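What follows is each chain in one-letter form.
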Amino acid sequence: MQTANIHDPLSIESVYPRSAFDSDARQNARDKETVEHGVMILSMPDADGNFSLKPSQRHVGEPEATTHSIFLSPRLESSEYGALTPSDTGYDAPIEPAETPETPETSETSGDPYRSFVESLIEAARGADFPPPPPVESLKGFRGG
């Protein structure tokens with residue numbers, strides 16, 4: 001588990017670099033994938049904006065709503081990084097990326113899916129509202145057996 005800061009996108013990029021984003025997005029694009037790849041927020045930001053973050057995986061059958069963490073996984077758009085489609089041999093194969101439609105850019109990150117993902121990660125961390133951990137006293141003592 002590593003620490004990142006909501007005020008410093010570079011701290012997030014050091015924990016979850018573009019290469020990990022690219023790899024995870026490609027793996028998540030597979031139709032029959034049973035595991036999602038991404039990043040997990042494990043704590044709310046403190047007064048300085050620091051929070052716990054780690055690259056992670058989650059089975060596709062796990063519930064999305066958890067109380068003590070937030071899991072985010074990158075997704076491929078058809079025009080980003082190419083796409084994986086079934087070939088006539090039955091195996092998945094990469095194809096060339098589609099042309100991106102001409103649209104006016106609404107922000108400086110709208111053309112870069114990695115930057116957009118980092119922004120969504122920052123927003124998710126800012127909005128994190130985890131319950132407090134149980135008191136240490138309740139974890140001590142005999143539990144039966």
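Residues numbered from 1 in each chain as written. Predicted model: local features only at pLDDT ≥ 70, side-chain atom pairs only at ≥ 80, totals over all residues. Heavy atoms only, no water.

**Thoughts on the overall build of the protein**
At step 1: Helix and strand counts for the protein stand at four helices and six strands.
At step 2: A separation of at least 24 residues holds for 64% of the contacts in the protein among residues at least 6 apart in sequence.
At step 3: Accessible surface, the protein: about 9700 Å² in total, of which carbon and sulfur atoms supply 53%. (Helix = DSSP H or I, 4+ residues; strand = E, 2+ residues; numbered from the N terminus. Contact = heavy atoms within 4.5 Å. Areas by Shrake-Rupley, 256 points an atom, 1.4 Å probe, with all protein chains shown as cover.)

**Some thoughts on the packing of aromatic side chains**
At step 1: With the rule as written, the count across this model stands at three aromatic pairs.
At step 2: Considering the side-chain rings of Phe21 and Tyr114, the 5.4 Å spacing of their centres and the 65° angle between planes classify their relative orientation as edge-to-face. Of this pair, Phe21 sits in helix α2 (residues 18-28) while Tyr114 sits in helix α3 (residues 113-126), placing them 93 residues apart in sequence. Grouping residues by exposure puts Phe21 and Tyr114 together as buried.
At step 3: Seen from their ring centres, Phe21 and Phe117 are 5.5 Å apart, and the 45° between their planes marks the pair as tilted. Note that Phe21 is positioned in helix α2 and Phe117 in helix α3, a separation of 96 residues in sequence. When sorted by exposure, Phe21 lands in the same class as Phe117, which is buried.
At step 4: By the ring-pair criterion, three or more aromatic residues cluster together here, those being Tyr16, Phe21, Tyr114 and Phe117. (Phe/Tyr/Trp six-rings, centres within 6.5 Å; stacked < 30°, edge-to-face > 60°. Buried < 20%, exposed > 50% of the residue type's maximum accessible area, 1.4 Å probe, protein only.)

**What about the confidence of the model for the protein?**
At step 1: Chain-level statistics for the protein give a pLDDT mean of 78 and a share of 74% at 70 or above.
At step 2: Segment residues 79-87 is flagged for pLDDT under 50; beyond a separation of four residues in sequence, or across chains, it makes 34 contacts in the model.
At step 3: When the criterion is pLDDT under 50, residues 95-107 qualifies, and its contacts beyond four places in sequence or with other chains add up to 13 contacts. (pLDDT = per-residue confidence, 0-100.)

**Some points on the sheet that holds strand β2 (residues 35-41)**
At step 1: Ordered by their spatial adjacency, four strands build an open sheet running β1-β3-β2-β4, and the pairing between neighbours is antiparallel. Pairing within the sheet leaves two strands with one partner each, and these edge strands are β1 (2-5) and β4 (70-72). Looking at each pair of strands side by side, their axes are set apart by 40° on average, direction ignored. (Pairing = 2+ DSSP bridges. Axes fitted to C-alpha atoms, helices over the stretch in contact; angles between N-to-C directions.)

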